[in-house]
Amino acid sequence: MKKDRLQADLEGLVRKWKDKRGNLIMILHSVENIYGYVPRDTSLKLSRLLDVPLARIYEVITFYNYFKLEPPGKHNVSVCMGTACYLRDAASLIEEIEKILHIKEGQTTKDEMFHLDVVRCLGCCGLAPVMMIDEKVYGKVKKNEVVDILSKYVKEEE
Amino acid sequence: MEKKIIYLRDTDSAQQDRINDFFTLFSNELRDTNLIEQVQLVKIADIGLYEKGVTVKILPENIVYIGIKNNDVKKIIEETIKNNKIIKELLYEKKSKQIRAVLKNCGYIDPESMEDYIAAGGYKALVKVLTEMKPENVIDELKKSGLRGRGGAGYPTWMKWNFARGMNSLEKYVICNGDEGDPGAYMDRSVLEGDPHSVLEGMIIAGYTIGSSKGFFYIRAEYPLAVERVQKAIDQAAAAGLLGSNILGSNFNFELEIRLGAGAFVCGEETALIASIEGKRGTPHPRPPYPSVKGLWDKPTIINNVETLANIPQLIAGGGAKFASIGTEKSKGTKVFALTGKVKNSGLVEVPMGITLREIIFDIGGGILGNRDIKAIQTGGPSGGVIPREFLDTPVDYENLGKLGSIMGSGGMIAIDDTDCLVDLAKFYLKFCVDESCGKCAPCRLGGYQLLRILEKISEGNGELEDLNKLKKISYAMQKASLCGLGQSASNPVFSTIKYFEEEYRQHIVNKRCLAGKCKALVYFKILPQKCKKCGLCMKNCPSNAILGSREAGYVIDPQKCIKCGACFDICKFKAVMKE
Ligand SMILES: Cc1cc2nc3c(=O)[nH]c(=O)nc-3n(C[C@H](O)[C@H](O)[C@H](O)COP(=O)(O)O)c2cc1C
Ligand code: SF4
Ligand code: SF4
Ligand code: FES
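No experiment lies behind these values; they were computed from the predicted model shown.

### A short note on the overall build of chain B
No. 1: When its secondary structure is counted, chain B shows 21 helices and 17 strands.
No. 2: Against the 2.2 N^0.38 benchmark of 25 Å for 580 residues, chain B shows a C-alpha radius of gyration of 27 Å, consistent with a compact globule.
No. 3: Over its C-alpha atoms, taken along the principal directions, chain B stretches across nearly 90 × 70 × 40 Å.
No. 4: When the 580 residues of chain B are sorted by exposure, 57% land in the buried category.
No. 5: Expressed as a percentage of contacts within chain B between residues at least 6 apart in sequence, the contacts between residues at least 24 apart total 68%.
No. 6: Accessible area for chain B stands at about 23800 Å²; split by element, carbon and sulfur atoms hold 51% of it.
No. 7: Here chain B carries 78 positive and 69 negative side-chain charges, and the mean point of each set is 5 Å from the other.

As structure tokens, then:
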């Protein structure tokens, strides 16, 4: 479903940006926004539509942390490891989540439920340590609260 | 009665539950007193205060109450809303050591309303520039003001603009650097989200001054709200004729466009940022040529930080001399810092240049959490250094911080207390730079990695004294030989922690101890028999069965089995587990 729509969008996107210089990154942002990552077949199509070599597109995707080549999980868990959060022991939250979900940072659980990212300052250092699940921010998280927070999302599914 | 607005915010927590309760309390009370039509209730995401309980701000009077309890609601409505009386016990007294110049509108106007911005005096400077001033007059005012770049290096803004102005080219560009890379700072984000028009106004004035007709906002994609608000501001300004062609009948044309960063710290560096706007990998180029000569698409370009640009409107409106009346001899105006770490009130502060570190940390920041001892202050993020507490009375300006081995930076300021380990802190920043190195030049790519390896070795208990020399040597080589500022400054945190806290490194290397307890391999957990109540909780919670004993005999930790997770330390209610 989503893919069909993007297919149409992709041509529209390229039309919108075609005449602007330095457009590739902005186009990739739009793709990433729709899929949560940049699928290979999309890159192939972009290469054709924009008439740039696939290698150039991959060169850009792999340089920037924001662009991903793998689909994300259903819920995106981001733990802030900005300076304030680091000082308030965000590392122990990451450890705890890794232990509970059996994944490492940057990975997705087998059931594709959770994806764990370590990010930088979320802009609410006063609430450090901070973690974010999808759009929701959890501040002053204690290690022993992590289980409860995560399990809410699992229960929602059932 | 004049229409009032009440802003609500739970400054202890980002969770909505408590604030929702208060929202209901307030709206019920307003309904009961028939005031609901005259008062607008708004839940907001940042009120500029932190850890102050439930907080409300009442507009237009701008009264702030903190630590509000349920039964205060009635009183606030009765006394303040109805009878315009201030409730002293709840009032938050503003710290007078701050000056709000760049942040003057943030939190006070609706950032999505251009009318609000104009009502607060916005776009006056632009009108003045376009109707009364020549580009050289703008440069003169900038020169008089002494404004220097707020993005880190502190380069005089007038010189940068003057270079670009002098270039003979039909195409020139203005770029706003909104990449805010310091991992513990959010000044620029707050300005872009809270007062986007001020940055726009600064850019349009910049365009007019250097003779450019196109500007780019380069904003981190991680700041979607900032992007949205800046786009809205651009659309509003265009609709009002403040962008486009023949602006205010002056024959001056200017357009603005947003380009998104994509999560690469090095893209904050000017030449890398330019490459990124051009749609390429963000790798730096050697300078010279400087961007003001050969920048975006090889055309003369000026790049300024968000806060630098946000300073422009008030500078022009009030005149350069007025701007220069605040500050020290060589650093003028105010600086916004994101004060975090172990201070009681973390948050954004805006202070006059020349204020001392002590005033910032103690008078504004309220001192150190738990009234512990401050050990040092870190400024400048991963490119900066630490300043030990002996220098707390140093007035903050570019020169002084530089002399102490740190930098002004873009505005990260972190208080470090005696529970923080500086070897670990150096490792934290270095790891950041190693992750973010673009890999183009060897000193940064290899040097950073080697430094990190050595720090890891030290924090794992395998350090040798010779390592200290190696750290210094590699740091020095990186400073001298790296291509861009990232590599040149990546070793600053290491360099400055060794400079001031060599003893702490020696503790790690010689005594194999991390007194702050951060380096796991160098921490030992021990149960103090005189404090232990023999409850057995620690034994139940130890994930590796390292705690032996019984309720009769008491408990001990087997160091062979202990994995140093700290579970026993956290769980013991009697503080009987200690780290050493
Ligand atoms: C690795 C690196 C990262 C930087 N990151 C930023 C940044 O996030 N924001 C910023 O304004 N300047 C940053 N700078 C400084 C810019 O290169 C540039 O000096 C600045 O934007 C100039 O603006 P100003 O003169 O107004 O300060 C960075 C520099 C380096 C070397
Ligand atoms: S110093 Fe580092 S970031 Fe800068 S060009 Fe060299 S490798 Fe890249
Ligand atoms: S939890 Fe504390 S008091 Fe209880 S047995 Fe362990 S050390 Fe003793
Ligand atoms: S460092 Fe985590 S929110 Fe700022």
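### Concerning the pattern of salt bridges
Residue and element names in this part refer to chain B.
No. 1: Evaluation of the coordinates by the stated rule reveals 42 salt bridges over all chains.
No. 2: The salt bridge involving K335 is made with E307; its shortest N-O contact spans 2.6 Å. Placement of the pair is K335 in strand β9 (residues 334–341) and E307 in helix α11 (residues 306–318), with a sequence separation of 28 residues.
No. 3: Using a relative accessible area of 1% as the deciding quantity, one classes K335 as buried.
No. 4: Since its relative accessible area comes to 1%, E307 is described here as buried.
No. 5: Note that D418 and R372 form a salt bridge whose closest N and O atoms lie 3.0 Å from each other.

### Quick look at the site of ligand 2
No. 1: For ligand 2, the set of nearby residues contains 13 residues, the closest of which are C438(B), K440(B), C441(B), C444(B) and C484(B).
No. 2: Taken together, the residues of the shell around ligand 2 sort by class into eight nonpolar, four polar and one charged.

### Thoughts on the side chain of E269(B)
Residues and elements named next belong to chain B.
No. 1: One can find E269 in the loop between β7 (255–261) and α10 (270–277).
No. 2: Of the buried charged residues, E269 lacks a salt bridge, with R287 as the closest side chain of opposite charge at 4.2 Å.
No. 3: For E269, the side chain forms a polar contact with the main-chain nitrogen of A272, separated by 3.0 Å.
No. 4: Residue contacts for E269: discarding those within four places in its chain leaves P284, R287, C484 and G485.

### What to know about the sheet that holds strand β6 (residues 214–220) of chain B
All names here are of chain B.
No. 1: On the basis of which strands lie adjacent, the open sheet formed by four strands has the order β7-β6-β5-β8 and parallel pairing. Because the sheet does not close on itself, it has two edges, and the strands there are β7 and β8 (301–305). For this sheet, the mean angle separating the axes of adjacent strands, direction not counted, is 20 degrees.
No. 2: Where strand β5 (residues 173–178) and β6 come together, six bridges link them in parallel fashion. Along β6, the bridge assignment pairs Y173 with K214.

### Observations regarding unusual backbone geometry
Of all residues except glycine, most have a negative phi; of all peptide bonds, most are trans.
All names here are of chain B.
No. 1: With an omega of -5 degrees, the peptide bond running from R287 to P288 counts as cis.
No. 2: As for its placement among the helices and strands, P288 is situated in the loop between α10 and β8.
No. 3: P289 follows P288 through a cis peptide bond whose omega is 5 degrees.
No. 4: For P289, the position within the fold is in the loop between α10 and β8.

### Points about the pairing of β9(B)
Residues and elements named next belong to chain B.
No. 1: Among the eight residues in β9, eight count as buried, and that is most of the element.
No. 2: What you see with β9 is no split at all: T334, V336, A338 and T340 on one side and K335, F337, L339 and G341 on the other are buried throughout.
No. 3: Bridge count for β9 against strand β10 (residues 347–352) is six bridges, and the pairing is antiparallel. Of the residues in β10, the one forming a bridge with A338 is L348.
No. 4: In this structure, the hairpin formed by β9 and β10 is closed by a connection of five residues.
No. 5: Looking at chain direction, β9 and strand β13 (residues 412–417) are connected through four bridges and run parallel. Bridge pairing in β13 places L339 opposite M413.

### Quick notes on the packing of helix α4 (residues 124–132) of chain B against helix α8 (residues 196–210) of chain B
Residue and element names in this part refer to chain B.
No. 1: Where α4 contacts α8, the axes come no closer than 9 Å and their chain directions differ by 10 degrees. In terms of orientation, α4 lies roughly parallel with respect to α8. Seen along the crossing, α4 lies across α8 with a hand that is left-handed. Across the interface between the two elements, K124, A125, L126, V129 and L130 of α4 pack against E201, I204, I205 and Y208 of α8.
No. 2: Its residues assigned to classes, the contact of α4 with α8 comprises seven nonpolar, no polar and two charged.

### Topic: the site of ligand 3
No. 1: Taken together, 13 residues surround ligand 3, and among them C532(B), C535(B), G536(B), C538(B) and C572(B) come closest.
No. 2: Counted by class, the shell around ligand 3 contains 10 nonpolar, one polar and two charged residues.

### Quick notes on the domain arrangement of chain A
No. 1: In terms of domains, chain A is made up of domain 1 (2–63) and domain 2 (75–157).
No. 2: Its C-alpha centre places domain 1 of chain A at a distance of 30 Å from the equivalent point of domain 2 of chain A.

### As for the pairing of strand β3 (residues 54–59) of chain B
Residue and element names in this part refer to chain B.
No. 1: Of all six residues making up β3, six are buried, and the element is well covered by its neighbours.
No. 2: Of the two faces of β3, the one carrying V54, V56 and I58 and the one carrying T55, K57 and L59 are both buried.
No. 3: Between the end of β3 and the start of strand β4 (residues 63–65), which pair antiparallel, lie three residues, with N62 showing a positive phi angle near 65 degrees.

### Considerations on the environment of T356(B)
No. 1: When you line up the elements, T356(B) lands in the loop between β10 and α13 (357–364).
No. 2: It is 40 Å that separates the C-alpha atoms of T356(B) and I77(B), two residues lying 279 residues apart in sequence.

### Structural notes on the interface of chain B and chain A
No. 1: In this assembly, 59 residues from chain B lie in contact with 39 residues from chain A.
No. 2: Across the chain B to chain A interface the summed buried area is about 3800 Å²; carbon plus sulfur atoms make up 54%.
No. 3: Contact with chain A buries area across many residues of chain B, yet A262(B), R281(B) and F428(B) alone supply 16% of it, more than any other trio.
No. 4: There are five salt bridges connecting chain B and chain A.
No. 5: One salt bridge connects E257(B) with K20(A), and the closest N-O pair in it is separated by 3.5 Å.
No. 6: Counting every contact that joins chain B to chain A gives 20 residue pairs in polar contact (both at pLDDT 80 or more).
No. 7: Put simply, the parts of the chain that give the side of chain B that touches chain A at least two residues each are β7, α10, β9, β13 and α15 (422–436) of chain B.
No. 8: Here the residues of the side of chain B that touches chain A sort into 26 nonpolar, 13 polar and 20 charged.

### Overview of the environment of Y476(B)
No. 1: Within the fold, Y476(B) resides in helix α17 (residues 466–481).
No. 2: The spatial distance from the C-alpha of Y476(B) to the C-alpha of N492(B) is 9.4 Å, given a sequence separation of 16 residues.

### Here's the deal with the nonpolar core
Residues and elements named next belong to chain B.
No. 1: The biggest cluster of nonpolar side chains holds 158 residues, and the ones touching the most others in it are W161, F217 and Y505.
No. 2: In terms of residue count, the dominant contributor to this core is α8 (eight residues).
No. 3: Every residue in contact with W161, bar those within four places of it in the chain, is listed here: V138, I139, L142, G202, I205, A206, T209, I210, I302, N304, L309 and I312.
No. 4: V349, I360, L404 and M408 belong to the second largest nonpolar core, which has 23 residues in total.

Parameters at a glance
- Residues numbered from 1 in each chain as written.
- Chains lettered and ligands numbered in written order.
- Predicted model: local features only at pLDDT ≥ 70, side-chain atom pairs only at ≥ 80, totals over all residues.
- Heavy atoms only, no water.
- Helix = DSSP H or I, 4+ residues; strand = E, 2+ residues; numbered from the N terminus.
- Rg over C-alpha atoms; globule rule 2.2 N^0.38 Å.
- Buried < 20%, exposed > 50% of the residue type's maximum accessible area, 1.4 Å probe, protein only.
- Contact = heavy atoms within 4.5 Å.
- Areas by Shrake-Rupley, 256 points an atom, 1.4 Å probe, with all protein chains shown as cover.
- Lys, Arg positive; Asp, Glu negative; His and termini not counted.
- Charge placed at Lys NZ, Arg CZ, Asp CG, Glu CD.
- Salt bridge = Lys/Arg side-chain N within 4 Å of Asp/Glu carboxyl O.
- Near = heavy atom within 4 Å.
- Nonpolar A, V, L, I, M, F, W, Y, C, P; charged D, E, K, R; others polar.
- Polar contact = N/O pair within 3.5 Å; in protein donor to acceptor, adjacent residues only side chain to side chain.
- Pairing = 2+ DSSP bridges.
- Axes fitted to C-alpha atoms, helices over the stretch in contact; angles between N-to-C directions.
- Parallel < 35°, antiparallel > 145°, perpendicular 65-115°, else oblique.
- Left-handed = near helix turned anticlockwise from the far one by under 90°.
- Domains from an automatic or database assignment.
- Buried area = accessible area lost by both parts, 1.4 Å probe.
- Core = buried A, V, L, I, M, F, W, Y, C linked by side-chain atoms within 4.5 Å.

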